[in-house]
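# Inside the fold
In case you want the letters, here they are:
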Amino acid sequence: MLVVYFSSATDNTHRFVQKLGLPNVRIPLTRGEKPLEVNEPYVLVTPTYGGGVSMSGKNSRPVPPQVIRFLNDEHNRSFIRAVVAGGNSNFGTDFGLAGEIIAKKCKVPYVYRFELMGNEEDLRILRGGLLQNAESLGLGPVSEELRELALGH
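Below, the structure is looked at part by part. Source: prediction; values computed, not measured. (Residues numbered from 1 in each chain as written. Predicted model: local features only at pLDDT ≥ 70, side-chain atom pairs only at ≥ 80, totals over all residues. Heavy atoms only, no water.)

Moving on, we come to the pattern of salt bridges. A complete count under the given rule lists two salt bridges for this structure. Close ionic contact of Arg-26 with Asp-11 constitutes a salt bridge, the shortest N to O distance being 2.9 Å. Here the residue Arg-26 occupies a position in strand S2 (residues 24–26), and Asp-11 occupies one in the loop between strand S1 (2–5) and helix H1 (12–20), the gap between them amounting to 15 residues. With a closest N to O distance of 4.0 Å, Glu-121 and Arg-124 form a salt bridge. Taken as a pair, Glu-121 and Arg-124 lie in helix H6 (residues 120–137) at a separation of three residues, close to a single helical turn. (Salt bridge = Lys/Arg side-chain N within 4 Å of Asp/Glu carboxyl O. Helix = DSSP H or I, 4+ residues; strand = E, 2+ residues; numbered from the N terminus.)

Written out as structure tokens, the structure is:
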């Protein structure tokens, strides 16, 4: 099982993913870095940008441009199996909006959303859900070693 994630310079998403204890790889922050290419099924974890559009009426781009670039690569997109989004509940119905958009466009389940850098309950729920549902999500069987490592994290 692989977690592919993007985290802005604040590193909120990075800290959350590291605490999950699952194999992971980060989408580059800048265009100057080598683009990421994945070759196995993954769950995507992304923050939501520009929250509050439904309240402000302004046009927003909730999916980070780095994530769009990554998913615009047909090879990378072919391996996405589920989406998780971070966000800010202060933005009402826009909380975790990036996950909804990506799930709809890529025709995969939007399995979880968490606030800012998440908390211990978010980690427990998401980790357990991913491990229990890995096969049904198409993330492959989870080895006993990975299960113990992640749950012992």
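This part covers the packing of aromatic side chains. Scanning the model with the defined rule gives two aromatic pairs in all. When the centroid spacing of 3.9 Å and the interplanar angle of 15 degrees are considered together, the rings of Phe-16 and Phe-114 count as stacked. Pair noted here: Phe-16 is in helix H1 and Phe-114 is in strand S5 (residues 110–115), with a separation of 98 residues, a long-range link. Under the relative-accessibility criterion, Phe-114 is labelled buried at 1%. Here the aromatic rings of Tyr-42 and Phe-70 are separated by 5.8 Å at their centres, their planes lie at 65 degrees, and the arrangement is edge-to-face. (Phe/Tyr/Trp six-rings, centres within 6.5 Å; stacked < 30°, edge-to-face > 60°. Buried < 20%, exposed > 50% of the residue type's maximum accessible area, 1.4 Å probe, protein only.)

Turning to its location among the elements, Ala-98 is positioned in helix H5 (residues 97–106). Taking relative accessible area as the criterion, Ala-98 reaches 0% and is therefore assigned buried. Other than its neighbours up to four places away in sequence, Ala-98 contacts Thr-46, Pro-47, Thr-48, Pro-62 and Val-63. (Contact = heavy atoms within 4.5 Å.)

With that settled, consider the side chain of Arg-127. When you line up the elements, Arg-127 lands in helix H6. Nearest to the buried, unbridged Arg-127 among oppositely charged side chains is Glu-120, at 5.7 Å. Polar contacts involving the side chain of Arg-127 include one to the main-chain carbonyl oxygen of Lys-19, which spans 2.9 Å. Beyond its immediate stretch of four places on either side in the chain, Arg-127 contacts Lys-19, Leu-20, Ala-150 and Leu-151. (Lys, Arg positive; Asp, Glu negative; His and termini not counted. Polar contact = N/O pair within 3.5 Å; in protein donor to acceptor, adjacent residues only side chain to side chain.)

The description of two helices packed together rests on the angle between their axes and the distance between the axes. Contact pair H6 / helix H7 (residues 144–151): the axes reach a minimum separation of 11 Å and the direction vectors enclose 170 degrees. Our classification of the angle between H6 and H7 gives roughly antiparallel. Touching Arg-127, Leu-131 and Gln-132 of H6 are Arg-147, Ala-150 and Leu-151, all from H7. (Axes fitted to C-alpha atoms, helices over the stretch in contact; angles between N-to-C directions. Parallel < 35°, antiparallel > 145°, perpendicular 65-115°, else oblique.)

Turning next to the environment of Gln-132. For Gln-132, the location among the structural elements is in helix H6. For Gln-132, a relative accessible area of 68% corresponds to the exposed category.

Of the two faces of S1, the one carrying Leu-2 and Val-4 and the one carrying Val-3 and Tyr-5 are both buried. Across four bridges, the pairing between S1 and strand S3 (residues 42–46) is parallel. Paired with Val-4 across the strands is Leu-44, a residue of S3. Two strands pair when backbone bridges link them, and S1 and S2 are joined in this way by three bridges, in the parallel orientation. Bridging from a neighbouring strand, Val-4 pairs with Val-25 of S2. Crossover connection from S1 via H1 to parallel S2: handedness right-handed. (Pairing = 2+ DSSP bridges. Right-handed = clockwise from strand over helix to strand, strands pointing away.)

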